[in-house]
Amino acid sequence: MEDCGEPQLDAKSKVTNQLVDFQWKLGMAVSSDSCRSLKYPYVAVLLKVMDHSGQVKNKSFEMTIPQFQIYEKCSKLVIIREMQIKITTRYHTCQKD
């Protein structure tokens, strides 16, 4: 399985979009025009993202199960790193007072 690595963020990084909602559902592709029997599981994802102006946009895509597992792992690392940055920034702000 792939490793997504450590997210490259620092205290000066600015978030340009904010995740408003995350929905997912598990599906099974059973057939297509070119294949009579697929039996292929997938994850359908719907993201609602707000940009810097406050406009909310929907983004949707499908992933295989292994891709979703990698995505989940990387998402957790990004959230942890963002929390570390916020804590560090607050700590340095308190130290200046």
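The name that an unreviewed UniProt entry assigns to the chain is COMM domain-containing protein 6, with the source organism given as Felis catus. What the UniProt record of the chain gives under Sequence similarities (unreviewed entry) is the line "Belongs to the COMM domain-containing protein 6 family." Database annotation for the chain, UniProt heading Function (unreviewed entry): "Scaffold protein in the commander complex that is essential for endosomal recycling of transmembrane cargos; the commander complex is composed of the CCC subcomplex and the retriever subcomplex. May modulate activity of cullin-RING E3 ubiquitin ligase (CRL) complexes. Down-regulates activation of NF-kappa-B. Inhibits TNF-induced NFKB1 activation."

Asker: Explanation requested: the overall build of the chain in the structure shown.
Answerer: Along the backbone of the chain there are one helix and three strands. Expressed as a percentage of the 97 residues in the chain, the buried residues total 13%. Across the chain, every contact between residues at least 6 apart in sequence was considered, and the portion connecting residues at least 24 apart equals 43%. For the chain, the exposed surface amounts to about 8,200 Å²; the carbon and sulfur share of it is 54%.

Asker: Explanation requested: the pairing of strand β3 (residues 56-63) in the structure shown.
Answerer: Working note: regular strand, side chains alternate between the two faces of the sheet. Pairing geometry for strand β2 (residues 40-51) and β3, over eight bridges, is antiparallel. Residue pairing across strands places L46 opposite S60, the latter belonging to β3. Taking the residues between adjacent antiparallel strands as the criterion, β2 and β3 are bridged by four residues, where G54 takes a positive phi near 95°.

Asker: Help me understand the pairing of β2, please; the structure alone is not making it clear to me.
Answerer: Bridging between strand β1 (residues 17-29) and β2 involves twelve bridges; their strand directions are antiparallel. Counted as the bridge partner of Q18 is M50 from β2.

The rules behind these values
- Residues numbered from 1 in each chain as written.
- Predicted model: local features only at pLDDT ≥ 70, side-chain atom pairs only at ≥ 80, totals over all residues.
- Heavy atoms only, no water.
- UniProt positions renumbered as here; feature names shortened; annotations may be inferred.
- Helix = DSSP H or I, 4+ residues; strand = E, 2+ residues; numbered from the N terminus.
- Buried < 20%, exposed > 50% of the residue type's maximum accessible area, 1.4 Å probe, protein only.
- Contact = heavy atoms within 4.5 Å.
- Areas by Shrake-Rupley, 256 points an atom, 1.4 Å probe, with all protein chains shown as cover.
- Pairing = 2+ DSSP bridges.

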